[in-house]
Amino acid sequence: MNKIMNFPSFNKCKIAILGLGYVGLPLAIEFARREYCVSSNIKLNRKVIGFDINKTRINELNNNFDKTKEFHKEDLENLKEIIFTNDRELICDADVFIITVPTPIDSAKIPYLGHLRSASKIVGEAIKKRQQNYPETSQPVIVYESTVYPGATEEVCINEIEKASGFDSKKDFYYGYSPERINPGDNKLKLTDIVKITSGNTSESSEWIDNFYKSIIKAGTFKSKSIRIAEAAKVIENTQRDLNIALINELSLIFSKMNIDTLDVIEAASTKWNFLKFYPGIVGGHCIGVDPYYLTYKSQMIGYYPEVLLSGRRINDSMGEKIVENLIAYMLKNSISVLGSDLLILGLTFKENCTDIRNTGAASIAHKAINYGFNVDIFDPNVDPKEAKQFYDLVILKGLKKSQKYSAIIVAVQHDEFKNITHQEWLNLVNDQYVIYDLKGIVPRNLKVIRP
Ligand SMILES: NC(=O)c1ccc[n+]([C@@H]2O[C@H](COP(=O)([O-])OP(=O)(O)OC[C@H]3O[C@@H](n4cnc5c(N)ncnc54)[C@H](O)[C@@H]3O)[C@@H](O)[C@H]2O)c1
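Residues numbered from 1 in each chain as written. Predicted model: local features only at pLDDT ≥ 70, side-chain atom pairs only at ≥ 80, totals over all residues. Heavy atoms only, no water.

## Details of the site of the ligand
Taken together, the neighbourhood of the ligand is formed by 25 residues, with Val23, Asp52, Thr103, Ser118 and Arg358 sitting nearest. Asp52 is positioned with one of its side-chain polar atoms (N or O) 2.6 Å from an oxygen atom of the ligand. Residue Thr147 places a main-chain N or O atom 2.9 Å away from an oxygen atom belonging to the ligand. For the ligand, whose accessible area on its own is 830 Å², the fraction buried by protein is 92%. Looking at the shell around the ligand residue by residue, the class counts come to 11 nonpolar, 10 polar and 4 charged. (Near = heavy atom within 4 Å. Polar contact = N/O pair within 3.5 Å; in protein donor to acceptor, adjacent residues only side chain to side chain. Areas by Shrake-Rupley, 256 points an atom, 1.4 Å probe, with all protein chains shown as cover. Nonpolar A, V, L, I, M, F, W, Y, C, P; charged D, E, K, R; others polar.)

The following block contains the structure:
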């Protein structure tokens, strides 16, 4: 390509969103349904192409079903200006490409960038065709939203785009990075209520991308000084949270040896204005337990071994095992037999009131308990039993068995359904000799409860 750099039309552009998961779908829907620019009230006439390689997801969305439960049937039925597709041809005339694909770690905790590379290749091929079909059109703008380590957008993704398109990133397209900070399942703070960090490869593209997001984000944007700063800002948000939880987890391990209830300690300590209220527990999911490894990986690549970050990760990753060991210690001390006894785990998702079981800590508790010889039942009304079987080889009860009595219960997740269980209903679930390990502090204290 050899033409003067220019940007797509701000209000009439076509936007392709690659990856329609927890991050991509809300973003696609917000761009599609926004008729007037939030910041300037200009009329918008944009089209959105929601692209995902997962055919099942596309079929479900085309049938107005969102399995992440972020959107109801009616939300999807009433959408105009958007199509959901897995046909790569349909994104070739897009002007703006936003990539929201997963960035997991592998079994050795090394960042797996395969999804990002493959999405970048798809975009590279698309912009090449776009140029062939519409030689006079503007330069495309490509924005990454997936969480990565500082440098990944330029070192990995943009390289892939250049390879697939044959274009030069300095003159043939614009690019940027704008991390997503939503918290799925949160009904108060949605996508447009959270300040969006934006960045671009040139001052002009930073400005364009910033305005572009400002058109949908009510909370406004923060224009970062560079792509690397924006990448680093996102990854430290979750790293900080991970470390704060690791600290309180370590404190809970110390306190449990001293028979001190950590939740009571937190209640007392948090009467000081600057005490940070974090709770002990299992850190799971695809963000807090994963993102720090992106940073520690990059850190080691550049010759610095991150002592604090990795020790925090080790503590948080070991909590599942520690919880089962604490439970067994209590049972043995109280003459409750362990081998072959029945244990109920309440909750399998990685956090409350959501359906997501990726990297869930509750699964590690279940596997450890099975290894120690418990008969384990798991109940979670939010989880698709097929997914639990497929990802963890775990069976989920369809409902709590009426006649079944357990020697031990672990409350792993505080779904609203569990918070509403009454004193009598807890008693109906247990044998005469029992213990309830309440990781979330939701079970009445006058039952035989242990807490972190
Ligand atoms: N879920 C969150 O709470 C959250 C919050 C902030 C940031 N993030 C980050 O956002 C990114 C996306 O996370 P998510 O939770 O939405 O993931 P997700 O697994 O829910 O969805 C990702 C989607 O991308 C699709 N996909 C994979 N490869 C693709 C490709 N090459 N082309 C098109 N589609 C492809 C998958 O089929 C899937 O539907 C990750 O980097 C994550 O760390 C997630």
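Moving on from the model shown.
## A closer look at the pattern of salt bridges
Oppositely charged side chains are able to pair whenever their charged atoms sit close together. Here the structure, examined in full by the defined rule, presents 33 salt bridges. The shortest N-O distance in the salt bridge between Arg313 and Asp317 comes to 2.9 Å. Residue Arg313 and its partner Asp317 are located together in helix 10 (residues 307–333), separated by 4 residues, close to a single helical turn. Note on Asp317: relative accessible area 35%, which makes it partly exposed. What emerges from the salt-bridge pattern is a single network uniting Lys109, Asp242, Arg313 and Asp317. (Salt bridge = Lys/Arg side-chain N within 4 Å of Asp/Glu carboxyl O. Helix = DSSP H or I, 4+ residues; strand = E, 2+ residues; numbered from the N terminus. Buried < 20%, exposed > 50% of the residue type's maximum accessible area, 1.4 Å probe, protein only.)

## So, the side chain of Asn316
Summarising the element assignment, Asn316 is placed in helix 10. Asn316 sits in the buried class, given a relative accessible area of 2%. Polar side-chain contacts of Asn316 include one of 2.8 Å to the side chain of Asn249. Not counting residues up to four positions away in its chain, the partners in contact with Asn316 are Asp242, Ile245, Ala246, Asn249 and Val283. (Contact = heavy atoms within 4.5 Å.)

## Describing the pairing of strand 5 (residues 141–144)
Neither face of strand 5 is left uncovered, since the one carrying Val141 and Val143 and the one carrying Ile142 and Tyr144 both have all their residues buried. For the crossover from strand 4 (residues 96–99) across helix 4 (residues 114–133) to strand 5, the handedness is right-handed. Bridge count for strand 5 against strand 6 (residues 174–177) is 4 bridges, and the pairing is parallel. From the neighbouring strand, Val143 faces strand 6, where its bridge partner is Gly176. (Right-handed = clockwise from strand over helix to strand, strands pointing away. Pairing = 2+ DSSP bridges.)

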